[in-house]
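Observations on the model geometry
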Amino acid sequence: DAYDLYLRALPHLYTPTAQGNREALRLLERALALDPGYAVALGLKAWCHLRAHLHAWAGDDDAERTSGEHAARRALASGRDDPTALAMGGFVLSLLAHDHEAGLAALDRAVALNPNSALTLSSSAAVRCFAGDYGAALEHGRRALRLSPFDPLIFRPLIAMAFADLFTGRFEAAAEHAARAIQANPGFDVPHTILVASLVELGRPEAAREAAGRLMAACPSFRIARRRRAGFRDAARFEAYLAALRRAGLPD
């Protein structure tokens, strides 16, 4: 029964909306009521809380952060041999708690357990990008795309690769990966911001302002300040990215 509830939650995780996130969380909490140590459900529960925190969907950011970190650490403790639980738990700890060491350790084990999992590799790409290991982020992102080119979560490795390109000065590649991520998930603000910043860095201010307009149309409540919740270790490059967003006229 817990497994059935977990399977029913998955499609809602592919829907980037507050309503879909709430329904996924409701189903996962029912699964955990039946099996409190169900590691993969804990990992996905942590991801739901992370999404609610990043998008301010729940109205209590501190509670979402605390719940997400708690679920992530429980996923890692219960799922030492479950690559999906490790991938989700490590991803959330890195982004939500900025605990990159725990995140990298979890992702290393997840990739070792299942080197052919696109979800595990895309999570690893993101965590390595947060930690400043851009070469590995690009490698794992490319492997994830090769393994699952039509994945419903394909925007995750594309975003990791776009950030890695942006932070290492490959602005054309960053814009290309960001545009593909937007196509896969047009309602998610992050790839829009990478496209805007890349166009600014390429010296294309008019195109950057147009991209900023599309971002605000898709996400009217977007504010640059919310991007500070991302846990990037490379502070200088992260600040340059935020400065590029301001230059394009996006609101603080």
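So, here is what we can say about the structure in this document.

What counts, and at which threshold
- Residues numbered from 1 in each chain as written.
- Predicted model: local features only at pLDDT ≥ 70, side-chain atom pairs only at ≥ 80, totals over all residues.
- Heavy atoms only, no water.
- Helix = DSSP H or I, 4+ residues; strand = E, 2+ residues; numbered from the N terminus.
- Buried < 20%, exposed > 50% of the residue type's maximum accessible area, 1.4 Å probe, protein only.
- Contact = heavy atoms within 4.5 Å.
- Phe/Tyr/Trp six-rings, centres within 6.5 Å; stacked < 30°, edge-to-face > 60°.
- Core = buried A, V, L, I, M, F, W, Y, C linked by side-chain atoms within 4.5 Å.
- Disulfide = S-S within 2.5 Å.

**Re the environment of leucine 121**
Structurally, the position occupied by leucine 121 is in helix H7 (residues 118-131). Note on leucine 121: relative accessible area 0%, which makes it buried. Taking the C-alpha atoms as reference points, leucine 121 and alanine 87, separated by 34 residues in sequence, lie 8.2 Å from one another. Setting aside residues no more than four positions away along its own chain, leucine 121 makes contact with Val111, Pro115, His140, Arg143, Ala144 and Leu147.

**Some words on the packing of aromatic side chains**
The final tally for this structure, using the stated rule, is 13 aromatic pairs. Taking 5.9 Å as the distance between ring centres and 75 degrees as the angle between the ring planes, the aromatic pair formed by phenylalanine 155 and phenylalanine 188 counts as edge-to-face. Here phenylalanine 155 is found in helix H9 (residues 155-167), whereas its partner phenylalanine 188 is found in the loop between helix H10 (171-184) and helix H11 (189-201), with 33 residues between them in sequence. Comparing phenylalanine 155 with phenylalanine 188, the two get one shared label, buried. When the centroid spacing of 5.4 Å and the interplanar angle of 25 degrees are considered together, the rings of phenylalanine 232 and phenylalanine 238 count as stacked.

**Structural notes on the nonpolar core**
Formed by 89 residues in total, the largest nonpolar core has its most connected members in Trp47, Phe91, Phe163, Tyr241 and Leu245. Per-element tally for this core: the top contributor is H9, with ten residues.

**What to know about the state of the cysteines**
Note: disulfide means a covalent bond formed between the sulfur atoms of two cysteine side chains. One pass over the structure, following the stated rule, counts zero disulfides. In this structure cysteine 48 is a free cysteine whose sulfur lies 19 Å from that of cysteine 219, the closest cysteine sulfur available. Since its relative accessible area comes to 0%, cysteine 48 is described here as buried. Residue cysteine 219 is classed as buried on the basis of its relative accessible area of 11%.

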